[in-house]
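So the chains spell out like this:
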Amino acid sequence: MEKFPFTGQGAKALMTELYQLSDPALQLEANAAGADFRLWIGSHFELDQSQLEYLDGIDETWIAVAAQDTKAFLAARKPIRLQKIPTPASRNHSDDRGKLLDLDKKKTASYSEHEGYQQSEELLYTISHSGQQ
């Protein structure tokens, strides 16, 4: 499988390619993401050396949650998105905590007389910097 740019569009293209796989092949991908999330990210996205070093330094607890959630969403063919918020040119460095990684699960439920009950979920990875709104 080719590597994709580490952007929102690259993640979208990766998800499109993964979700075209057969169920057994997709389950192998999901298992790989769950077993070694860092390796799975590095083998699917074009990352430079500083990004690889940053990935290696992320807290193990966060990595474990990301691995578990990614595995579950892949196996169920649920949407996974990546959002990278550009670094502002005028950051206040006095209260700067650096790069922030957020992992959000969004669940939506609705009901209508015509379509009945419907539920959807999305996994969203957001990369930003402290001090951003």
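Residues numbered from 1 in each chain as written. Predicted model: local features only at pLDDT ≥ 70, side-chain atom pairs only at ≥ 80, totals over all residues. Heavy atoms only, no water.

Engineer: I keep staring at the pattern of salt bridges and nothing clicks. Help me out?
Structural biologist: Any two side chains of opposite charge can pair, so long as their charged atoms come close to each other. Taken as a whole, this structure holds 5 salt bridges when the rule is applied. Between D23 and R77 there is a salt bridge; the shortest N-O distance is 2.7 Å. Taken as a pair, D23 in helix α2 (residues 23-35) and R77 in the loop between α5 (60-75) and β3 (80-84) lie far apart in primary sequence, 54 residues in all. The partly exposed category is assigned to R77, whose relative accessible area is 28%. Among the ionic pairs, R81 bridges to E122, the shortest N-O distance being 2.7 Å. Residue R81 is located in strand β3, and its partner E122 is located in strand β5 (residues 116-129); the two are separated by 41 residues in the primary sequence. The partly exposed category is assigned to R81, whose relative accessible area is 39%. Looking at E122, the relative accessible area reads 19%, which means it is buried. (Salt bridge = Lys/Arg side-chain N within 4 Å of Asp/Glu carboxyl O. Helix = DSSP H or I, 4+ residues; strand = E, 2+ residues; numbered from the N terminus. Buried < 20%, exposed > 50% of the residue type's maximum accessible area, 1.4 Å probe, protein only.)

Engineer: Any chance you could explain the nonpolar core here in plain terms?
Structural biologist: Most often, soluble globular proteins keep nonpolar side chains buried together rather than apart. In this structure, W40, F45, L74 and Y125 are the most contacted members of the largest nonpolar core, which totals 27 residues. Those elements that place two or more of their residues in this core are α1 (8-18), α2, α3 (37-44), α5, β3 and β5. Counting residues per element, this core draws most heavily on α5, which supplies 5 residues. (Core = buried A, V, L, I, M, F, W, Y, C linked by side-chain atoms within 4.5 Å.)

Engineer: Can you help me understand the environment of T87 in this one?
Structural biologist: When you line up the elements, T87 lands in the loop between β3 and β4 (99-112). With 42 residues separating them along the chain, T87 and H129 place their C-alpha atoms 6.4 Å apart.

Engineer: Any chance you could explain the packing of aromatic side chains here in plain terms?
Structural biologist: Aromatic ring pairs are defined here through the distance separating the ring centres and the angle between the ring planes. For the structure on display, the rule yields 3 aromatic pairs. Judged by centre distance (6.2 Å) and plane angle (15°), the rings of F37 and Y125 are stacked. With F37 in helix α3 and Y125 in strand β5, the pair connects residues that are 88 residues apart, well separated along the chain. Arranged with centres 6.1 Å apart and planes meeting at 70°, the rings of W62 and Y125 form a pair that is edge-to-face. You can see W62 sitting in helix α5 and its partner Y125 sitting in strand β5, a full 63 residues away along the chain. (Phe/Tyr/Trp six-rings, centres within 6.5 Å; stacked < 30°, edge-to-face > 60°.)

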